[in-house]
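Working through the structure, step by step
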Amino acid sequence: MDINNSNVLITGGSSGIGKETAKLFIANGAKVVITGRDEIKLNSVAAEIGAIPLQFDIGDLASIPEKSKEAMALLEGKIDVLINNAGIGVFPILGEITEQNLVDVYTTNVFGLALLTQEIVPFFKAQKNGNIINLGSTASLKGFARGSVYAASKFAVRGMTQSWQAELRKDNIRVCLVNPSEVTTAFADEERKERNEENNKLGAEDIAQTILSIVCMRDKGFVPEVTVWATNPF
Ligand SMILES: NC(=O)c1ccc[n+]([C@@H]2O[C@H](COP(=O)([O-])OP(=O)(O)OC[C@H]3O[C@@H](n4cnc5c(N)ncnc54)[C@H](OP(=O)(O)O)[C@@H]3O)[C@@H](O)[C@H]2O)c1
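Each value, and the rule that gives it
Residues numbered from 1 in each chain as written. Predicted model: local features only at pLDDT ≥ 70, side-chain atom pairs only at ≥ 80, totals over all residues. Pairing = 2+ DSSP bridges. Helix = DSSP H or I, 4+ residues; strand = E, 2+ residues; numbered from the N terminus. Right-handed = clockwise from strand over helix to strand, strands pointing away. Near = placed C-beta within 6 Å. Nonpolar A, V, L, I, M, F, W, Y, C, P; charged D, E, K, R; others polar. Buried ≥ 20, exposed ≤ 12 C-beta atoms within 10 Å, placed from the backbone. Axes fitted to C-alpha atoms, helices over the stretch in contact; angles between N-to-C directions. Parallel < 35°, antiparallel > 145°, perpendicular 65-115°, else oblique. Left-handed = near helix turned anticlockwise from the far one by under 90°. Contact = placed C-beta atoms within 7 Å. Expected span 1.5 Å × (residues − 1).

Turning our attention to the pairing of strand 7 (residues 225-228). Examined bridge by bridge, strand 6 (residues 173-180) and strand 7 share 4 bridges and lie parallel to one another. When the bridges of strand 7 are listed, asparagine 179 appears paired with threonine 227. Taken together, strand 6, helix 6 (residues 204-216) and strand 7 form a β-α-β motif whose crossover is left-handed.

Quick look at the site of the ligand now. By nearness alone, 33 residues border the ligand, and Gly12, Gly16, Gly87, Thr185 and Phe187 come closest of all. If you list the elements that add at least two residues to the shell around the ligand, you get helix 1 (16-27) and strand 2 (31-36). Residue contributions to the shell around the ligand peak at 3 residues, all from helix 1. The class makeup of the residues in the shell around the ligand is 11 nonpolar, 16 polar and 6 charged.

Within strand 6, 8 of the 8 residues are buried, which leaves the element mostly enclosed by the surrounding structure. Residues Ile173, Val175, Leu177 and Asn179 of strand 6 are buried on one face, and the alternating residues Arg174, Cys176, Val178 and Pro180, pointing to the opposite face, are buried as well. Bridge count for strand 5 (residues 130-135) against strand 6 is 6 bridges, and the pairing is parallel. Across the sheet, residue isoleucine 133 finds its bridge partner in strand 6, namely cysteine 176.

Attention shifts here to the packing of helix 3 (residues 64-74) against helix 4 (residues 99-127). Two elements in contact, helix 3 and helix 4, have axes separated by 10 Å at closest approach and are oriented at 45 degrees. Between helix 3 and helix 4, the angle is such that the two are oblique. Where helix 3 crosses over helix 4, the handedness of that crossing is right-handed. Contacts between helix 3 and helix 4 involve Ile64, Pro65, Ser68 and Met72 from the first element and Gly112, Leu115, Leu116, Glu119, Ile120 and Phe123 from the second.

A separate point is the environment of serine 181. With respect to the element layout, serine 181 can be found in the loop between strand 6 and helix 6. Separated by 20 residues in sequence, serine 181 and lysine 201 have C-alpha atoms that sit 8.9 Å apart. Once residues lying within four places of it in the same chain are set aside, the contact partners of serine 181 are Thr138, Leu202, Val228, Trp229 and Ala230.

Turning next to the environment of leucine 212. With respect to the helices and strands, the residue leucine 212 is situated in helix 6. Under the C-beta neighbour-count criterion, leucine 212 is labelled partly exposed, with 18 such atoms within 10 Å. Placed 16 residues apart in sequence, leucine 212 and asparagine 196 show a C-alpha to C-alpha distance of 23 Å. Filtering out sequence-adjacent residues up to four positions away, leucine 212 remains in contact with Leu24, Phe25 and Asn28.

This part is about the sheet that holds strand 1 (residues 7-10). Read from one edge of the open sheet, 7 strands run 3-2-1-4-5-6-7, paired in parallel fashion. Either end of the sheet is taken by a strand with one partner, and the two such strands are strand 3 (52-55) and strand 7. With strand direction ignored, the average angle separating the axes of adjacent strands in the sheet is 15 degrees. In the packing of helix 2 (residues 39-49) onto the sheet, the strands contacted are strand 2 and strand 3, and the crossing angle to strand 3 comes to about 170 degrees. Packed on one face of the sheet, helix 5 (residues 148-168) meets strand 5 and strand 6 and runs near 160 degrees to strand 6.

Once that is clear, we can look at the environment of isoleucine 58. One can find isoleucine 58 in the loop between strand 3 and helix 3. Taking the C-alpha atoms as reference points, isoleucine 58 and valine 183, 125 residues apart in sequence, are found 22 Å from one another. Beyond its immediate chain neighbours, meaning those up to four positions away, isoleucine 58 contacts Thr11, Ala86, Thr108, Gly112 and Leu116.

What follows is about helix 1. Quick reminder: α-helices carry 3.6 residues per turn. Residues three or four places apart thus point the same way. With 12 residues, helix 1 extends 17 Å from end C-alpha to end C-alpha; this agrees with the ideal 16 Å at 1.5 Å per step. Counting buried residues along helix 1, 10 of its 12 residues qualify, which places the element largely inside the surrounding structure. Those residues of helix 1 lying buried are Gly16, Ile17, Gly18, Lys19, Glu20, Thr21, Ala22, Lys23, Leu24 and Phe25. Along its buried surface, helix 1 packs onto strand 1, strand 2, helix 2, strand 4 (81-84), strand 5 and helix 6. Glycine 29 sits one or two residues past helix 1 and shows a positive phi near 95 degrees.

By themselves these figures say nothing about function.
What follows is the structure, given as structure tokens:
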């Protein structure tokens, strides 16, 4: 797909992977709407990178139909790429998991992602093309100690991705799961503080480049899933 003049919606575009992806798509000529919970941060990042902000807590499930309409109005009714990036994580050990842990993580990572995508897919179907990038994780592939809540939510994202691939290929809609290993971002930081990039770890830019190259590929093919590791994290 040609990124120049394309329309893109990125959930959670106000920091980390979403922000770097927005920057890269904008640098390649796309119009990009970014969402986030913290409106002040969102507006400031949007102004910094030239994106269009839409304050939107994807965990507020009742607001999704209305917010989807607002996003599509900002994109003037045309969308080429939906990047389902907004995600949170908590890492309690079995025995310390609370109901709220499960509700919070599943509501954002799974329920919100599914319900938003469901609102956007009719536009892709009408256009007879579209791209959906779901942010999974290496935690979509393998559980780990303290991963009960987060890994389970990302396994769910993988299951939905594979189901949507089966449902949407006939409409020329490409669906891809991107599984980063550790990326130095504000992820899981309660104060939402960005981490400095580290030499031996992935940066948000590496995942942004991965996403761009997947979407850039000619429309006749698509990448169903890609996992990105740091070359030498030790
Ligand atoms: N960092 C890693 O090591 C890593 C590894 C594998 C996969 N991932 C996945 O990559 C994605 C992006 O993570 P990141 O590392 O870039 O994290 P991040 O720096 O914490 O950024 C997350 C973004 O999502 C937004 N967000 C969070 N909850 C939201 C909600 N309920 N509604 C709307 N926006 C929301 C945040 O905005 P606010 O700050 O305003 O909430 C922020 O813009 C996530 O799905 C994560 O699971 C991350």
